[in-house]
Amino acid sequence: MENIPEIVYNFSRQNAQNAEHVQYAKLLLGEVPEEIANKFGFSVPRSNFALSVNNEVAGFKPERAFVDTETVHAVDEARDDAYLLYKKIVQAYANHAPETEQREAARKLAFVFKEAGSNVQRLSYDSESAILDDIVMKFRKEPYTTAITTLGLADMPDKIEEANENFKTIYRQRMRIEREKIEAADMRSLREATDNAFNV
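Each value, and the rule that gives it
- Residues numbered from 1 in each chain as written.
- Predicted model: local features only at pLDDT ≥ 70, side-chain atom pairs only at ≥ 80, totals over all residues.
- Heavy atoms only, no water.
- Helix = DSSP H or I, 4+ residues; strand = E, 2+ residues; numbered from the N terminus.
- Buried < 20%, exposed > 50% of the residue type's maximum accessible area, 1.4 Å probe, protein only.
- Contact = heavy atoms within 4.5 Å.
- Salt bridge = Lys/Arg side-chain N within 4 Å of Asp/Glu carboxyl O.

A. Structural detail: the overall build of the protein chain. Within the protein chain, the secondary structure is distributed over 10 helices and zero strands. The N-to-C order of helical and strand elements in the protein chain reads α-α-α-α-α-α-α-α-α-α. Residues classed as buried in the protein chain amount to 34% of the 200 residues present. Here the analysis covers contacts within the protein chain between residues at least 6 apart in sequence; of these, 73% occur between residues at least 24 apart.

In structure tokens:
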């Protein structure tokens, strides 16, 4: 044990960042080989410490950028805007288009929007995602593809889908980080277990 650098003894385990604590624990474990522990009769404490260190290493997750709520709100508003823009354009055609063919085409598309509900943009994130997926799928089938062409809105399905997929990508990233935070929430207890095993 006399070969352990002095800085390790002076190291503040309580105030250390997770990455620092993991490196510290690994360093300590490496300074006490199994054969030395067996030779001097403290193999059991060393084994317990090694188990705690391995658990802490397995539970450690490097710090990652947090996808904040504002970012999620921003991409959600962007898809709301895309959805509402085309919904209102279609309704405007249905109400005011000068040609009968355009009005009929618009009314077909307006029915899809109406069927989805009046407040799609106010639903839960997951519900809105599912409904927009369904709308896009319908718009890519007849008789809606012809109606879309008639109104010159060929990019409508793609724009709604793009905004929705962009939201889902950011939202999934946020949820993944949240899950990892939950999984790594036990880092505190893992650190305590390592420190307790070392202190035995």
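B. View of the pattern of salt bridges. Throughout the structure, instances matching the rule amount to eight salt bridges. Taking the shortest distance from any N to any O, the salt bridge between Lys138 and Asp134 comes out at 3.2 Å. Here Lys138 and its partner Asp134 are both found in helix α7 (residues 125-139), four residues apart, which amounts to about one turn of the helix. Look at Lys138 and you get partly exposed, because its relative accessible area is 23%. One salt bridge connects Glu165 with Lys168, and the closest N-O pair in it is separated by 2.8 Å. Pair noted here: Glu165 and Lys168 are both in helix α9 (residues 156-183), with a separation of three residues, about one helical turn.

By themselves, these observations are geometric and do not establish any function.
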